[in-house]
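Summary of structural features
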Amino acid sequence: QVRLVESGGGLVQSGGSLRLSCSTSDRRESSFKVMAWYRQAPGKERELVASITRSGDIYTGDSMKGRFFPSRAGGENTAYLQMNNLKPEDTAMYFCKATSAGVPGFYADRDWWGEGTQVTVYS
């Protein structure tokens, strides 16, 4: 089992910045296929915030474009989410998801989830 640990959440004023991190200490996992960030606010469905593949391809949700920037340190299996110009609507629990590559035709990809880190933005 791969355990992911997120950190970097907290209380921040509107317009401020935070950097989230997600990592695993499992040395057997050399490189995740994809590392992604999701968030879920009270009363809302969980949504994809951003993702980054091991080759560096990046996706960012529409409301986060220009403000949120995912990155990773592949050798350490660590993902980051730089969040700038935070807004109250960004308040949510943020989760890291990492995907281990399977073998086509033999083994399926495997997803691993962190426990989440809370981000709260006040006006």
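Presented here is a report on the structure given in the accompanying data block. (Residues numbered from 1 in each chain as written. Predicted model: local features only at pLDDT ≥ 70, side-chain atom pairs only at ≥ 80, totals over all residues. Heavy atoms only, no water.)

On to a nonpolar patch on the surface, then. Together, Val-103, Phe-106 and Tyr-107 line one region of the surface with nonpolar side chains, adding up to about 390 Å² of accessible area. Relative to the helices and strands, Phe-106 resides in the loop between strand E9 (92-100) and strand E10 (110-113). With a relative accessible area of 68%, Phe-106 lands in the exposed category. (Patch = residues over 30% accessible without salt bridge, like charges linked within 9 Å, V, L, I, M, F, W, Y side chains within 5 Å. Areas by Shrake-Rupley, 256 points an atom, 1.4 Å probe, with all protein chains shown as cover. Salt bridge = Lys/Arg side-chain N within 4 Å of Asp/Glu carboxyl O. Helix = DSSP H or I, 4+ residues; strand = E, 2+ residues; numbered from the N terminus. Buried < 20%, exposed > 50% of the residue type's maximum accessible area, 1.4 Å probe, protein only.)

Unusually for a residue other than glycine, Asn-85 sits at a positive phi of about 50°. Note that Asn-85 resides in the loop between strand E8 (78-83) and E9.

Right, let's get into the nonpolar core. Residues Leu-4, Trp-37, Val-49, Phe-68, Leu-81, Met-83 and Tyr-94 are the most contacted members of the largest nonpolar core, which totals 24 residues. At the level of secondary structure, the elements contributing two or more residues to this core comprise strand E3 (18-23), strand E4 (34-40), strand E5 (47-53), E8, E9 and strand E11 (117-122). In terms of residues, this core owes the most to one element, E9, which gives four residues. When sequence neighbours within four positions are dropped, the list of residues in contact with Phe-68 reads Arg-39, Val-49, Thr-60, Leu-81, Gln-82, Met-83, Asn-84, Leu-86, Asp-90 and Tyr-94. (Core = buried A, V, L, I, M, F, W, Y, C linked by side-chain atoms within 4.5 Å. Contact = heavy atoms within 4.5 Å.)

By the definition in use, this model includes one disulfide. At a sulfur-sulfur separation of 2.0 Å, the disulfide partner of Cys-22 is Cys-96. Torsion about the S-S bond of the Cys-22 and Cys-96 cystine: about -75°, corresponding to left-handed handedness. In this pair, Cys-22 sits in strand E3 while Cys-96 sits in strand E9, placing the two residues 74 residues apart along the sequence. Across the pair, exposure class does not vary: Cys-22 and Cys-96 are buried alike. (Disulfide = S-S within 2.5 Å.)

Attention shifts here to the environment of Val-12. Mapped onto the secondary structure, Val-12 falls in strand E2 (residues 10-13). On a C-alpha basis, the gap between Val-12 and Val-121 in space is 5.0 Å, while along the polypeptide they are 109 residues apart. If near-sequence neighbours (up to four positions away) are discounted, Val-12 is found in contact with Ser-17, Leu-18, Leu-86, Thr-120, Val-121 and Tyr-122.

Our focus in this paragraph is the pattern of salt bridges. Evaluation of the coordinates by the stated rule reveals six salt bridges. Among the salt bridges present, the one from Arg-39 reaches Asp-90, with a minimum N-O distance of 3.0 Å. Residue Arg-39 is located in strand E4, and its partner Asp-90 is located in the loop between E8 and E9; the two are separated by 51 residues in the primary sequence. Arg-39 gets classed as buried once you look at its relative accessible area, which sits at 6%. Here Asp-62 ties to Lys-65 by a salt bridge, and the two come within 3.2 Å at their closest N and O atoms. The exposed category is assigned to Asp-62, whose relative accessible area is 66%. Put simply, Arg-39, Glu-47, Arg-67 and Asp-90 are held in one network by salt bridges that share partners.

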